[in-house]
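# Geometric and topological summary
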Amino acid sequence: MERRRRTDHLPPAHGLADQPLERARAACDAVAAAGFAAAMALHVPDDGSQGVLCGASGRIEPLLDVARGLARTAAREGRALRCVDTEGRSTGLHWRHAAVPVGRTAGGTVVLVVSDTRLARREAQALATWAAPAAAAGLRVRGGPCAAIARGLVRDFDADLVAFALFAQSGMVLNVHVRTGALLHACRIPSDTIWGEVARHGAAFTLGDLPMHAGAELLGSMGMHTAGLVGLENGNGIAIGALGVASAGDLSLDVAHELLARAPQLGPELMARLSSTIVPVPDEDGTIDLRILAARVGCRRFAMYERDGAKLRLVAAHADDGTRLTTGPDAIEEQLVTWAAEQGVGVVGEDAAAVLVGTDTVLYAQDPGKRPLECLRLALGDVRRNPFGAEEPDDGSQQADAA
């Protein structure tokens, strides 16, 4: 009878050596013992030359060339996992190959490549979680702006995975990182899961039996057995999502309390790292740099109008990166701005919107690929809340600087 081929047959990850070559060789033996067809440890030199085979298990002869090319790509990209599918020329068998960087040497990167005809995506992710090194010194890591936070949480909580679930326009965006901070998986999930529940209540949970909890089954499929979750807010009481740390073993009994104690700092830090633009901060007199506000809105055209007697005067127009535009308004822009000023509300067109701010200022945004009114609302919300530490104006009034 063929042996069951499941990643939970792998030995504990903490039993693998820290030294990259030893770690990769031991991983090859463990992967083959778990029932996978082939595993190879390759050292990829920094000079771009062909990877050197340093250890292997299983029948690797027809797979070595593919493994070398995949290992070179994995070392260059710095992803937590890189997969590729091939078909044997003579046999017609379909193979899936998974490459996982496991560490750095003086002259290159050590990569573990696992090949099998029935390698599922979740199995590959579980292998990447298991084989990822605890230290990322010198290793190219592609983890986005949250990589450093993930690495720190892994170290502090002795975890194997760190996940960030943040509210989006539809549901939540879930990003999962391995020990090095590299991004392993990103997806959109419904908000009515354990992540949304934790986020809405600002609570902290410790979970076992992960497949039994909606939203946490993904962590279970990656080989995790326990997880600690905590809700995050932006520093002003507004929920932004949830954070989770997960382990293939048992987490500390105090993990929920520790996460709850750190959540007030983690929320604002996460927002600051994820912010792609500077948040508009009013000066002492309440004025705001329109270039920064335009970049925060992020629409193809952003314009500001002010009342000039009975008319509206165009103060300035900016592109999505904040640069000044010299083109004048079209008929639709003029109409929407006039309606917003007359009706005192936000007015929406096919791909544009205008909103009255205060009594004398109208802001306009246009972009066919976005929801302009929502972009204006979010940018103005940032100004009013000042979530990154700015002080609110004493009189509550805010003007705009056309510089």
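Note that the coordinates shown come from a computational prediction; the quantities given were computed from them, not determined experimentally.

## Some details on the side chain of Thr-129
Among the structural elements, Thr-129 can be located in helix 3 (residues 121-131). In this structure the side chain of Thr-129 is engaged in a polar contact, spanning 2.9 Å, whose partner is the backbone oxygen of Gln-125. Setting aside residues up to four positions removed in sequence, Thr-129 forms contacts with Asp-160, Leu-161, Val-178, Arg-179, Leu-184, Met-222 and Met-224.

## Brief notes about unusual backbone geometry
One non-glycine residue with positive phi stands out, namely Asp-158, at about 55 degrees. Following the sequence through the fold, Asp-158 ends up in the loop between helix 4 (147-157) and strand 6 (161-167). Although it is not a glycine, Asp-209 sits at a positive phi angle of roughly 50 degrees. Residue placement: Asp-209 occurs in the loop between strand 9 (204-208) and helix 6 (217-221). For Asp-209, a relative accessible area of 60% corresponds to the exposed category.

## Examining the nonpolar core
The biggest cluster of nonpolar side chains holds 53 residues, and the ones touching the most others in it are Trp-130, Leu-161 and Trp-195. Ranked by the residues each element gives to this core, the list is headed by helix 1 (residues 20-33), at six residues. Those residues in contact with Trp-195, other than ones at most four positions away along the chain, are Ala-163, Ala-165, Met-172, Leu-174, Ile-189, Gly-215, Ala-216, Leu-219, Leu-229, Ala-242, Leu-243 and Gly-244.

## Focus: the pairing of strand 3 (residues 82-87)
In the case of a regular strand, side chains alternate between the two sheet surfaces. When strand 3 meets strand 4 (residues 94-104), the two strands line up antiparallel, connected through six bridges. Across the sheet, residue Arg-82 finds its bridge partner in strand 4, namely Ala-99. Linking strand 3 back to strand 4 in an antiparallel pair, the connection comprises six residues, with Gly-92 at a positive phi of about 75 degrees.

## Thoughts on the sheet that holds strand 10 (residues 226-233)
Backbone-to-backbone hydrogen bonds pair the strands of a sheet. The strands run either parallel or antiparallel. Taken together, the six strands give an open sheet; going across it, the order is 8-7-6-11-10-9, and neighbouring strands pair in antiparallel fashion. Only two strands of the sheet have a single partner each, and these edge strands are strand 8 (183-189) and strand 9. The mean angle between the axes of side-by-side strands here comes to 15 degrees, regardless of whether they run parallel or antiparallel. As judged from the six bridges shared by strand 7 (residues 172-177) and strand 8, these two strands associate in the antiparallel manner. By the bridge assignment for strand 8, His-177 is matched with Leu-183. Packing of helix 3 onto the sheet brings it into contact with strand 6 and strand 8, and relative to strand 8 it is tilted by some 135 degrees. Of the strands in this sheet, strand 6, strand 7 and strand 11 (239-247) are in contact with helix 4, which crosses strand 6 at around 130 degrees.

## Looking at the environment of Ala-34
Relative to the helices and strands, Ala-34 is located in the loop between helix 1 and strand 1 (38-45). Residue Ala-34 is classed as buried on the basis of its relative accessible area, which comes to 1%. Residues Ala-34 and Asp-8 lie 26 residues apart in sequence; the distance between their C-alpha atoms is 8.4 Å.

## A short note on the pattern of salt bridges
Counting across every chain of the model gives 13 salt bridges. With a closest N to O distance of 2.9 Å, Glu-77 and Arg-79 form a salt bridge. According to the relative accessible area criterion, Arg-79 is partly exposed, its value standing at 31%. Each member of the salt-bridge network shares a partner with another, and the members are Glu-77, Arg-79 and Arg-82.

## Digging into helix 4
When we look at burial in helix 4, the residues that qualify are Ala-147, Ile-149, Ala-150, Gly-152, Leu-153, Val-154 and Phe-157. Positive phi shows up at Asp-158, right after helix 4, with a value of about 55 degrees.

## Comments concerning the packing of helix 1 against helix 3
Running from N to C, helix 1 and helix 3 cross one another at 140 degrees; their axes reach a closest spacing of 11 Å. Relative to helix 3, the element helix 1 is oriented oblique. For helix 1 against helix 3, the interelement crossing comes out right-handed. For the pair helix 1 and helix 3, contact is made by Arg-23, Ala-27, Ala-30 and Val-31 and by Leu-127, Trp-130 and Ala-131, respectively. Tallied by class, the residues present in the contact of helix 1 with helix 3 amount to six nonpolar, no polar and one charged.

## Focus on the sheet that holds strand 15 (residues 352-357)
Taken in spatial order, the five strands make up an open sheet running 13-12-16-15-14, and their pairing is antiparallel. A strand with exactly one partner marks an edge of an open sheet, and here the two such strands are strand 13 (311-318) and strand 14 (347-348). Sheet analysis places strand 12 (residues 301-308) next to strand 13, joined by seven bridges and oriented antiparallel. Its bridge partner being in strand 13, Tyr-305 is matched across the sheet by Leu-314. Here helix 8 (residues 290-297) sits on the sheet in contact with strand 12, strand 13 and strand 16 (361-366), set at roughly 130 degrees to strand 12. Sitting on the sheet, helix 9 (residues 331-343) touches strand 12, strand 13, strand 14, strand 15 and strand 16, and the angle it makes with strand 15 is about 35 degrees.

Analysis parameters
Residues numbered from 1 in each chain as written. Predicted model: local features only at pLDDT ≥ 70, side-chain atom pairs only at ≥ 80, totals over all residues. Heavy atoms only, no water. Helix = DSSP H or I, 4+ residues; strand = E, 2+ residues; numbered from the N terminus. Polar contact = N/O pair within 3.5 Å; in protein donor to acceptor, adjacent residues only side chain to side chain. Contact = heavy atoms within 4.5 Å. Buried < 20%, exposed > 50% of the residue type's maximum accessible area, 1.4 Å probe, protein only. Core = buried A, V, L, I, M, F, W, Y, C linked by side-chain atoms within 4.5 Å. Pairing = 2+ DSSP bridges. Axes fitted to C-alpha atoms, helices over the stretch in contact; angles between N-to-C directions. Salt bridge = Lys/Arg side-chain N within 4 Å of Asp/Glu carboxyl O. Parallel < 35°, antiparallel > 145°, perpendicular 65-115°, else oblique. Left-handed = near helix turned anticlockwise from the far one by under 90°. Nonpolar A, V, L, I, M, F, W, Y, C, P; charged D, E, K, R; others polar.

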